Amino acid sequence: MDDELDPVLAAVGPRLRELRRDRGITLAGLSETTGISVSTLSRLESGRRRPTLELLLPLARVHGVPLDELVGADTADPRVRLRPFTRDGVEYLPLSRTPGGIQAFRITIPPPRGHVEADQRSHEGHDWVYVLEGQLRLLLGPHDMVLKQGEVAEFDTRIPHGFLNPGPGPVSYLGLFGPQGERAHVRVRPTEGRREDEGEEGGPRGR
């Protein structure tokens, strides 16, 4: 049994170090939060201290990960662990991966640096956004609005649209994209004062 566990336990230290560094936490800060001494944390990360349940539980809680993920246990968990990716400075954290179905993301736009203009794009599908924190500027056809924390908007994505962060801090929002929302975007330049090739239906709805 020890021979089977040794590779699993040996991988815990590097995983703990990676999690701590990814979150920008020092050993001293982690020690203060968990009550585990700095020397013990250092030995855990270097593999010189055997991880125990008593040590791993508070670390899993602080890092916000399940215990089985921390130790790399294979529990036949059907959930997909998805990692964030960055595109044009915007971070996307996938929350689902259902082929052809609704796609859910937590999207974070950093604070603006100087004057920024958004390209309005259109594609097949439907978008639903919910602002988790900060403010989100939504350009939708001729509409230009700022959504605050807790506000919702939904719209037909064939209407030219774009998202901006008006500042001063970052903005995070939940985005649900309709069945065809993954198609390639087509860049458009909307004519001021009207939607291009669109009637009045499909406008934004907030609450």
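What counts as what
- Residues numbered from 1 in each chain as written.
- Predicted model: local features only at pLDDT ≥ 70, side-chain atom pairs only at ≥ 80, totals over all residues.
- Heavy atoms only, no water.
- Helix = DSSP H or I, 4+ residues; strand = E, 2+ residues; numbered from the N terminus.
- Buried < 20%, exposed > 50% of the residue type's maximum accessible area, 1.4 Å probe, protein only.
- Core = buried A, V, L, I, M, F, W, Y, C linked by side-chain atoms within 4.5 Å.
- Contact = heavy atoms within 4.5 Å.
- pLDDT = per-residue confidence, 0-100.
- Pairing = 2+ DSSP bridges.
- Axes fitted to C-alpha atoms, helices over the stretch in contact; angles between N-to-C directions.
- Phe/Tyr/Trp six-rings, centres within 6.5 Å; stacked < 30°, edge-to-face > 60°.

### Concerning the environment of Leu56
- On the secondary structure map, Leu56 appears in helix H5 (residues 53-63).
- Leu56 sits in the buried class, given a relative accessible area of 5%.
- As a C-alpha pair, Leu56 and Val12 span 44 residues in sequence and 9.4 Å in three-dimensional space.

### Comments concerning the nonpolar core
- Residues Ile107, Ile109, Leu136, Leu138, Leu147 and Tyr173 are the most contacted members of the largest nonpolar core, which totals 16 residues.
- Those elements that provide at least two residues to this core are strand E3 (103-109), strand E5 (126-133), strand E6 (136-140), strand E8 (152-156) and strand E10 (171-177).
- Beyond its immediate chain neighbours, meaning those up to four positions away, Leu138 contacts His143, Asp144, Met145, Leu147, Ala153, Phe155, Gly162 and Phe163.
- Residues Leu44, Leu55, Ala60 and Leu70 belong to the second largest nonpolar core, which totals 13 residues.

### Observations concerning the confidence of the model for the chain
- Residues with a pLDDT of 70 or more make up 71% of the chain, whose mean pLDDT is 75.
- The least confident element of the chain, judged by mean pLDDT, is strand E11 (residues 186-187) at 36; the most confident is strand E7 (residues 143-147) at 94.
- Scored below 50 in pLDDT, residues 73-80 makes four contacts in the model with residues more than four places away or belonging to other chains.
- In this model, residues 181-207 is a region of pLDDT below 50 whose contacts with residues beyond four sequence positions or in other chains number 56 contacts.

### Looking at H5
- Taken together, the buried positions of H5 are Leu55, Leu56, Pro58, Leu59, Ala60 and His63.
- Of the residues trailing H5, Gly64 is marked for its positive phi of about 70 degrees.

### Description of the sheet that holds E8
- One open sheet holds the six strands; their spatial order is E1-E2-E3-E10-E5-E8, and the pairing between them is antiparallel. Unpaired on one side and paired on the other, strand E1 (85-87) and E8 mark the two borders of the sheet. Adjacent strand axes in the sheet meet at a mean angle of 25 degrees, parallel and antiparallel pairs treated alike.
- Note: E1 against strand E2 (residues 90-94), three bridges, orientation antiparallel. When the sheet's bridge partners are listed, Phe85 is paired in E2 with Tyr92.

### Comments concerning the packing of aromatic side chains
- This structure, assessed with the given rule, holds four aromatic pairs.
- Plain terms: the ring middles of Tyr92 and Phe105 are 6.3 Å apart, the flat faces sit at 85 degrees to each other, and that makes the pair edge-to-face. Remark: Phe105 occurs in strand E3 and Tyr92 occurs in strand E2; sequence separation between them is 13 residues.
- On the basis of relative accessible area, Phe105 is assigned to the buried category, the value being 10%.
- Each ring, one from Phe155 and one from Phe163, has its centre 6.4 Å from the other, and the planes form 45 degrees; the classification is tilted.
- Residue Phe163 is classed as partly exposed on the basis of its relative accessible area, which comes to 22%.
- An aromatic cluster of at least three residues, connected via ring pairs, comprises Phe155, Phe163 and Tyr173.

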